[in-house]
Each structure stands twice: as C-alpha cells, then as structure tokens.
Amino acid sequence: MDTVKNNNNLNPLFIGFGKQALEYARVFKYLNIDITAVFIRNLKKNQENLKKYAVKNTYTNLEKALKEKKFNCVFVFLPWNLIEKKIAFILKNTNKDIYSEKPLALSLKKILYIDNLTKKLNRKLFILYNRRYYSTFELIKKKINKKKFEFLVTIPEKRTKLITNFDYRLDGKIKYHLTSHWIDFFTSLFNMPISSFYKKKKLYFFKFKSKNLDSNLISIDYDGPGTIWAKIKTNKETYLFKTLEKVYKMNKKTKRYKILIDEKKINNFKPGILNLVKAIKDKKKIKLPKTLDLIKIYKYLQKLPY
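Below, the structure is looked at part by part.

The rules behind these values
- Residues numbered from 1 in each chain as written.
- Predicted model: local features only at pLDDT ≥ 70, side-chain atom pairs only at ≥ 80, totals over all residues.
- Heavy atoms only, no water.
- Buried < 20%, exposed > 50% of the residue type's maximum accessible area, 1.4 Å probe, protein only.
- Helix = DSSP H or I, 4+ residues; strand = E, 2+ residues; numbered from the N terminus.
- Arc of directions from axis to C-beta.
- Contact = heavy atoms within 4.5 Å.
- Pairing = 2+ DSSP bridges.
- Axes fitted to C-alpha atoms, helices over the stretch in contact; angles between N-to-C directions.
- Parallel < 35°, antiparallel > 145°, perpendicular 65-115°, else oblique.
- Left-handed = near helix turned anticlockwise from the far one by under 90°.
- Nonpolar A, V, L, I, M, F, W, Y, C, P; charged D, E, K, R; others polar.
- Expected span 1.5 Å × (residues − 1).
- Salt bridge = Lys/Arg side-chain N within 4 Å of Asp/Glu carboxyl O.

## As for helix α6 (residues 135-144)
Here is step 1: Residues of α6 that are buried include every one of Thr136, Phe137, Leu139, Ile140 and Ile144, and no others. Down the axis of α6, the buried side of the element spans an arc of 165°, and every buried residue falls inside it.
Here is step 2: Buried positions along α6 lie against β7 (149-156), α8 (174-190), β11 (229-234), β12 (238-242), β13 (246-250) and β14 (257-262).
Here is step 3: Backbone geometry just downstream of α6 places Lys146 in the positive-phi region, at approximately 60°.

## Digging into the pairing of β12
Each regular strand displays side chains that alternate between the two surfaces of the sheet.
Here is step 1: Burial within β12 is extensive, with four of its five residues counted as buried.
Here is step 2: Pairing between β11 and β12: five bridges, direction antiparallel. Its bridge partner lying in β12, Lys233 is registered against Thr238.
Here is step 3: Turn length for the β11-β12 hairpin, with the two strands adjacent in sequence and antiparallel, is three residues.
Here is step 4: Summarising the sheet, β12 and β13 pair through three bridges and their orientation is antiparallel. Counted as the bridge partner of Phe241 is Val247 from β13.
Here is step 5: Hairpin connection from β12 to β13: three residues lie between these consecutive antiparallel strands, with Thr243 at a positive phi of about 65°.

## Topic: the packing of α8 against helix α10 (residues 291-301)
The description of two packed helices rests on the angle between their axes and on the distance between the axes.
Here is step 1: Here α8 crosses α10 at 120°, and the two axes come no closer than 10 Å. Taken together, the axis directions place α8 and α10 in an arrangement best described as oblique. For α8 against α10, the interelement crossing comes out right-handed. Residues Lys175, Tyr176, Thr179, Ser180, Ile183, Asp184 and Thr187 of α8 touch α10, and the partners they reach there are Ile297, Tyr298 and Leu301.
Here is step 2: Of the residues in the contact of α8 with α10, the class split is five nonpolar, three polar and two charged.

## Digging into helix α5 (residues 108-121)
Here is step 1: Compared with the 20 Å implied by 1.5 Å per residue over 14 residues, the 20 Å span of α5 between its first and last C-alpha is a close match.
Here is step 2: The complete set of buried residues in α5 reads Leu108, Ile111, Ile114, Asp115, Leu117 and Thr118.
Here is step 3: On the buried face of α5, the contacting elements are α4 (83-93), β6 (125-127), α8 and α10.
Here is step 4: Positive backbone phi, approximately 60°, marks Asn122, located one or two places after α5.

## Here's the deal with the packing of α4 against α5
Here is step 1: Where α4 meets α5, the axes come as close as 10 Å, and the angle between the chain directions of the two elements is 5°. In terms of orientation, α4 lies roughly parallel with respect to α5. Along the contact surface, α4 presents Glu84, Ile87, Ala88, Leu91 and Lys92, while α5 presents Lys110, Tyr113, Ile114, Leu117, Thr118 and Leu121.
Here is step 2: Residue classes in the contact of α4 with α5 are distributed as seven nonpolar, one polar and three charged.

## Here's the deal with the pattern of salt bridges
Here is step 1: As enumerated under the stated definition, the model contains eleven salt bridges in all.
Here is step 2: Residues Asp34 and Lys56 are paired through a salt bridge, measuring 3.6 Å at the closest nitrogen-oxygen approach. With Asp34 in the loop between α1 (19-30) and β2 (37-39) and Lys56 in the loop between α2 (47-52) and β3 (57-59), this pair connects stretches of sequence that are 22 residues apart.
Here is step 3: Residue Lys249 pairs with Glu237 through a salt bridge whose shortest N-O separation is 3.6 Å. Of the two residues, Lys249 is situated in strand β13 and Glu237 in the loop between β11 and β12; the sequence distance between them amounts to twelve residues.

Structure follows, in structure tokens:
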C-alpha cells in the first residue's frame, strides 16, 4: 500500500466530485497538483471528469477511501444538505486535515457537536469560505488596517427564487447555507464581533462592537432585490462593494465611483479558489474559518426564520 511522502505537495482525497469539486479540480490541474483519490457513488456517470483530471484512485465506499494511506488531506464536496450528516464519520475515520464545503452544519446544535468532536479527536477542520481569499477582501483589509472606519452593508437573499429554482428544502436553512458565508466575509474583513441583533419591519439587522454602532450595521432582506452592497468609509476615503466581486473608490471632487478591482477579470477560475489552494499548497497561514468562528455567527443566525 502506497504512503504519502513527507513533502510540500498536496495529495488530496475528494469526497464528492460534483460542480464545486470540479471548480477546485480545475485549479489543482493548473497548479500541477494531482487529485490522489475520489470517493463518488456513481463512477460511470463521472468517468469523463475522472479521466480529464487524471484521478489516480476511485472509491465507492467512503470508509475504505478514508482508511487508505495515499492522501494527506481531505476535501469535502458533498451536497449542501449531506455534509452535516457525513462530517462526523469523516472526522472519526481520518486524522488528516479536512477542508469542507459549506454548509458544515444546518443548526447551532449541530455545529456545537462538530466543534466538540474536533476537539475530542484533535482534528483540523476548515470551512471553504473562498471569499476570504478575494482580492477585493485583501484590498479593503489593507485600506482599513489601523484606521477608524464605519460601514453599512445590505444583503438581499432572494428567498423565493432560491427555494423555487434551486431547492425547496433550503427554506429555513438559507441562513446557514448562504447568509453565514456573507456574514463571515464582513466579520473577518472588519475584525469585529457581532454585538446585537434586531428586526425592523421586514429587515434583520446585525450591530457590531464599536463606537459607531449606528453606522456599523449589516441589514438582511430575505425577499429583497439586487445584490450585496456595502459602503466603507475611513476618515479620508470611501469604498463601495457592488457584489463582493467588485470594489470601487469614490472620487472626492466628482463624488463618482471608479472601479478598483473586478474579481472575475483577475483569472479564469471561480473567484478566491486559486489563492485559497495556493495558500494550502505553500503552507501559508490558513485564514479559513473553523467551527468556533461559525458558532459565533450561528448564535445570531438561529434567530432568523429563513
């Protein structure tokens, strides 16, 4: 039985090989990283992609895949409603670093259980919130570093469209599958913990610990139109997110905004994933959230009905 050599290379096991897994597979191929193994239930259906990405080993039995010694890390790409059902089994059957797609859990109770299990088993579990690796994120992080700033964020979730066109089972779970990712983006960007939560009409507001509480808000509209919008103001500059992929800077004289970064024009891969995989490959400091980060957010998200 082959064993993983002690080097700087990644030898990943993919659990699942669907749409999101293929986004990562494209990046791995670009970086000349071989996908060591894939667990997948339907080999015949996925033969073309398995061949395209030169997957060395395939398994239809998850326990057998996890007991192999050919990989040195695990990437979980299961459907959104199955990850929380399988993650405990994965944690118990491998001591390798685990990188899981969202949502890791669909309730506060479940994320608390997973957190306790990782501590008990001494496992490393990271959630693949790729937006922490956006260039827009890095830009604003530098601009507000050690400066006083204030912000206003609006998040429309398009609930009706999501449950109609994507999956009706999302109703009541949108907050864990999607909203958690947006909230994490801003809490990690601003490095501020949520201090309180309240509802006003149909909107839900999150406040943050700072001297400018009335100016530091995230509002969520679960039936609102449009895209995520955020304004960040320092003493000298004003920046604008139009979606998380685009950042603009306001011209002080004309009051018009000029685009600084369009994430989708930086490379041909899904935004954030290339930088994320590079960081893992090069053993740089991983800034992906862990279970404790999600617990802090889930304590407030559980108050939302959607």
